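Chain by chain, the residues:
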Amino acid sequence: MPKKAKPRQEKDAKSKAKTPRRFQSSRRVNTPEAQFLGELANHQSNKYRMAQGFGVLFTVSLVMQAWALANVFSDMALHQSFSLSLLVMGLLAFLMRALVNVGRERICAEASRNIRYDLRSKLLSHLTHLGPARLRIDEDAALSTRVYEQVDALDDFFSRYKPQVFMVTLIPCVILLSVVSVSWIAFFVFMMTAPLVIIFMIFVGYKAAQANRRQFSVLAMLSNQFMDLSQGLAELKRLGRTREARERLSESATAYQKTTMGVLILAFLSTATLELFASLSIAMIALYLGLGLLEVLPWQVGSSPVTLTQAMFLLLLAPEFYLPLRQLGNDYHAKQKAEAAATDLLDILNTSNDQSANKTDSTEGDSTEVKATEKTDTPSETVSAQQNNGLIHFETLSWTQAGRSRLASITGSISQGERVWLSGESGVGKSSLLHLLLGFEQSYQGQFYIENTPFGEVNLADWRNKLAWLPQTPEWVNGSIRRNILLGIETQGLSAPSEDDIKAALTKSQCDDFIQALPEGLDSKLTELGFGLSGGQMQRLSIARALLSQADVWLLDEPCSGLDEETADAVLTTLNQASQGKTLLVVSHDTHPIAWADKHWVLTEGGLHEQGL
């Protein structure tokens with residue numbers, strides 16, 4: 001079973017520990033999540049500067065519109081006339097506001113789309129390079145939720161909140177400068193009520209952040225359960241346990257529904273609170289101006305503090321003063337949601353630091369344990385070291401992780417074109433050795449060489465292009481059989497195989513008979529679970545894919561796992577014919593002996609031993 005996600009407190013502590021050095025000085029001010037989001041936004045700084053330029057035009061046109069319309073309305077009320085030029089100016093300012101706002105929103109939406117596209121590509125590439133180590137973070141279903149759902153959760157932050165922070169500073173400041181020369185009382189009302197909106201926005205937003213984190217956690221758990229149920233549905237039906245599985249999934253769905261409603265309640269509460277304070281503030285301005293125009297203010301009876309034109313100007317600006325604050329309050333929920341999502345995304349991006357950081361620590365801290373392991377090997381039992389004449393050479397190679405021995409110290413060599421069968425009890429490190437060869441783990445002790453070059457100096461991309469990896473359960477994607485057997489070949493820089501090449505590979509892997517029997521042949525649909533094909537047929541397809549990849553080195557992990565004896569023998573016979581001239585390392589239990597192998601290695605807790613076939 002893959003490891004579950006680490007506790008939240010441990011993740012937060014590790015995330016802070018891995019904060020880049022350039023952020024150390026500002027850690028007290030900004031959280032790692034805020035710094036992460038800020039760096040992403042900097043990648044689209046040009047677009048955000050353009051959006052700010054549009055924001056300046058929007059603010060200028062707003063004040064022009066209020067001033068022009070205030071004069072038009074006051075002239076109509078006092079003189080029963082209006083200035084056509086002022087009316088045209090007001091309408092032009094209104095039109096400019098609309099056009100500038102549309103342009104600003106489109107620019108911000110494009111910036112958000114670019115940021116999310118680049119981030120998702122980076123996450124997928126990072127998870128690909130982690131390989132099996134990604135299971136340290138979470139299961140695949142939860143990781144897919146992070147890569148797609150939680151990256152999309154950043155949209156509102158980059159398209160709305162980020163540009164709105166600039167507007168909430170610009171517009172109120174410009175309006176205050178416009179108001180201060182007209183009415184000091186209106187200026188002080190604006191100054192006193194604006195902080196209240198911000199305070200309640202932060203208070204409700206903090207609660208919303210906690211609710212969003214709970215929602216993401218429940219969604220990840222629901223994704224994992226749904227994937228497990230889909231993969232094991234046939235077995236659950238056979239055992240008659242579908243009802244329990246359905247009830248468990250229903251409970252998780254209910255929990256997700258409750259957390260989602262909790263987030264929505266806080267969002268509505270935030271909106272209602274901001275609308276209340278903004279409405280009360282506008283009402284105070286309107287009451288003051290109305291009583292002033294009626295000349296009944298208690299401290300100014302018989303005279304008006306402002307003219308009708310000024311009063312209309314202030315009334316038109318009052319809603320505009322609070323509008324960016326209200327919008328920022330609504331978008332503040334998007335900020336908290338984005339920071340909650342960024343916490344899990346940082347866990348993915350920081351995982352690689354564990355490996356590079358742990359290599360030195362593990363080498364130093366476990367040196368005694370490695371030496372003790374080496375002493376258990378006796379000269380008569382240990383595989384002889386063929387120095388500098390093997391394609392792959394292990395020299396006292398071991399792997400200890402978190403105090404647990406993943407692989408005992410081994411020494412041995414595999415020559416070019418040699419086929420080696422590796423067996424041993426479960427848990428001694430057979431699959432771990434394959435993971436090291438695939439380059440997914442760096443925190444090992446000892447050394448191993450590829451063509452006399454230390455593995456740490458080998459170009460991983462070139463090495464992996466020479467490899468064909470056949471796991472216990474072959475990986476498939478939804479699509480045709482043709483698409484699945486050609487998957488990844490073009491990314492290796494190889495030319496697309498011709499129809500003759502495909503036919504030869506299918507014949508050599510003994511897939512041609514059952515594929516020809518399918519109604520659509522190579523264009524027949526294949527699901528992620530290989531629906532419609534038997535276990536032996538899927539293993540043969542994986543052999544055909546290895547042949548088409550033109551890889552020289554094949555790594556196989558339990559190719560006969562889950563197969564009956566007759567099918568396993570047939571698959572091994574196919575593998576023997578297809579792998580002639582290839583270098584093979586096949587992990588398999590003694591229940592499926594590989595008689596045609598050139599060597600038989602047995603891995604134990606004491607090391608690596610060679611046995612006769």
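Residues numbered from 1 in each chain as written. Predicted model: local features only at pLDDT ≥ 70, side-chain atom pairs only at ≥ 80, totals over all residues. Heavy atoms only, no water.

## Considerations on the overall build of the protein chain
Of regular secondary structure, the protein chain possesses 19 helices and 14 strands. The proportion of buried residues among the 613 residues of the protein chain is 47%. Restricting the contact set of the protein chain to residue pairs at least 6 apart, pairs at least 24 apart contribute 77%. Total accessible area on the protein chain is roughly 30800 Å²; 57% of this is exposed by carbon and sulfur atoms. (Helix = DSSP H or I, 4+ residues; strand = E, 2+ residues; numbered from the N terminus. Buried < 20%, exposed > 50% of the residue type's maximum accessible area, 1.4 Å probe, protein only. Contact = heavy atoms within 4.5 Å. Areas by Shrake-Rupley, 256 points an atom, 1.4 Å probe, with all protein chains shown as cover.)

## So, unusual backbone geometry
Despite not being glycine, T396 shows a phi value in the positive range, around 45 degrees. Tracing the sequence through the fold places T396 in strand β3 (residues 392–401). By relative accessible area, T396 is classed as partly exposed at 25%. In this structure, N452 takes a positive phi of about 70 degrees despite not being glycine. Mapped onto the elements of the fold, N452 is located in the loop between β6 (445–450) and β7 (453–454). On the accessibility criterion, N452 (43% relative accessible area) is partly exposed.

## With respect to the pairing of strand β4 (residues 404–414)
Counting buried residues in β4 gives nine out of eleven residues, a clear majority hidden from the surface. Where β3 lies against β4, seven bridges are found, and the strand directions are antiparallel. Looking at β4, one finds that F394 is bridged to G412. Taking the residues between adjacent antiparallel strands as the criterion, β3 and β4 are bridged by two residues, where A402 takes a positive phi near 55 degrees. (Pairing = 2+ DSSP bridges.)

## Here we look at the sheet that holds strand β12 (residues 583–587)
Pairing in this open sheet of six strands is mixed, and the strands run β8-β11-β12-β5-β13-β14 from one edge to the other. What marks the edges here is a single partner per strand, and that holds for β8 (467–470) and β14 (607–611). Mean inter-strand twist for the sheet, computed between neighbouring axes without regard to direction, equals 20 degrees. Note: strand β13 (residues 599–604) against β14, five bridges, orientation antiparallel. Bridging from a neighbouring strand, H600 pairs with Q611 of β14. Across the sheet, helix α13 (residues 430–438) lies against β5 (419–424), β8, β11 (553–557), β12 and β13, angled at about 145 degrees from β11, the strand it touches most. Where helix α18 (residues 535–548) meets the sheet, it contacts β8 and β11, and its direction lies at approximately 170 degrees from that of β8. (Axes fitted to C-alpha atoms, helices over the stretch in contact; angles between N-to-C directions.)

## A short note on the packing of aromatic side chains
For any two aromatic rings, the description comes down to two numbers: the centre-to-centre distance and the angle of the planes. Within this structure, the stated rule accounts for twelve aromatic pairs. Through successive ring pairs, a cluster of aromatic residues spans F394, Y444, F448, F455 and W601. (Phe/Tyr/Trp six-rings, centres within 6.5 Å; stacked < 30°, edge-to-face > 60°.)

## A look at the packing of helix α4 (residues 84–130) against helix α5 (residues 140–152)
Running from N to C, α4 and α5 cross one another at 170 degrees; their axes reach a closest spacing of 10 Å. Relative to α5, the element α4 is oriented roughly antiparallel. The crossing of α4 and α5 is right-handed. Mapping the contact onto sequence places R116, L119, R120, L123, L124 and L127 in α4 and L143, V147, Y148, V151 and D152 in α5. Residues of the contact of α4 with α5, tallied by class, amount to eight nonpolar, no polar and three charged. (Parallel < 35°, antiparallel > 145°, perpendicular 65-115°, else oblique. Left-handed = near helix turned anticlockwise from the far one by under 90°. Nonpolar A, V, L, I, M, F, W, Y, C, P; charged D, E, K, R; others polar.)

## Notes on the pattern of salt bridges
Across all of its chains, the model carries eleven salt bridges by this definition. The partner of R97 in a salt bridge is E320, and the shortest N-O contact between them spans 3.4 Å. Taken together, the positions of R97 in helix α4 and E320 in helix α10 (residues 308–349) put the pair 223 residues apart, joining distant regions of the chain. Like R97, the residue E320 is buried in the burial classification. A salt bridge links D155 to R116, with the nearest nitrogen and oxygen atoms 3.5 Å apart. (Salt bridge = Lys/Arg side-chain N within 4 Å of Asp/Glu carboxyl O.)

## Concerning the nonpolar core
Counting residues in hydrophobic clusters, the biggest one holds 64 residues, and the most contacted among them are F36, L154 and F158. Broken down by secondary-structure element, the contributors of at least two residues to this core are α2 (32–42), α3 (45–79), α4, α5, α6 (155–180), α7 (184–231), α9 (242–293) and α10. Of the residues forming this core, the biggest block, 17 residues, is contributed by α10. In this structure, L154 is in contact with L37, L40, R116, L119, A338, A341 and L345, ignoring residues within four places of it in sequence. (Core = buried A, V, L, I, M, F, W, Y, C linked by side-chain atoms within 4.5 Å.)

## Some details on the environment of L438
Tracing the backbone through its elements, the reader meets L438 in helix α13. Judged by relative accessible area, which is 6%, L438 ranks as buried. Linking L438 and R464, residues 26 residues apart in sequence, is a C-alpha distance of 7.0 Å.

## Some remarks on the packing of α6 against α10
With their axes 8 Å apart at the nearest point, α6 and α10 run at an angle of 155 degrees to one another. Comparing their axes, α10 and α6 come out roughly antiparallel. Read as a crossing pair, α6 and α10 show a hand that is left-handed. For the contact of α6 with α10, a count of residues per class yields 20 nonpolar, three polar and five charged.

## Examining α10
Taking 1.5 Å of rise per residue, the 42 residues of α10 would be expected to cover 62 Å, and the 60 Å separating its terminal C-alpha atoms lies within 8% of that figure. In α10, a bend of some 30 degrees at N330 exceeds every other bend along the element. Taking burial as the measure, the 42 residues of α10 include 31 buried ones, the bulk of the element. (Expected span 1.5 Å × (residues − 1). Bend = angle between axes of the 7 residues up to and from the residue.)

## Some remarks on the sheet that holds β3
Overall, antiparallel pairing links the four strands, which are arranged β4-β3-β6-β7 in an open sheet. Edge positions in the sheet fall to β4 and β7, since each of these pairs with one other strand and no more. In this sheet, β7 lies alongside β6 in antiparallel orientation, the contact comprising two bridges. Each bridged residue has a counterpart across the sheet, and for Y449 the counterpart in β7 is P454.

## Focus: the pairing of β5
Of all six residues that make up β5, six are buried, and the element is covered over most of its length. The alternating pattern of β5 places R419, W421 and S423 and V420, L422 and G424 on opposite faces, both of which are buried. Pairing between β5 and β12: four bridges, direction parallel. Within β12, the position partnered with W421 by the bridge is V586. Summarising the sheet, β5 and β13 pair through five bridges and their orientation is parallel. Paired with W421 across the two strands is H600, which belongs to β13.

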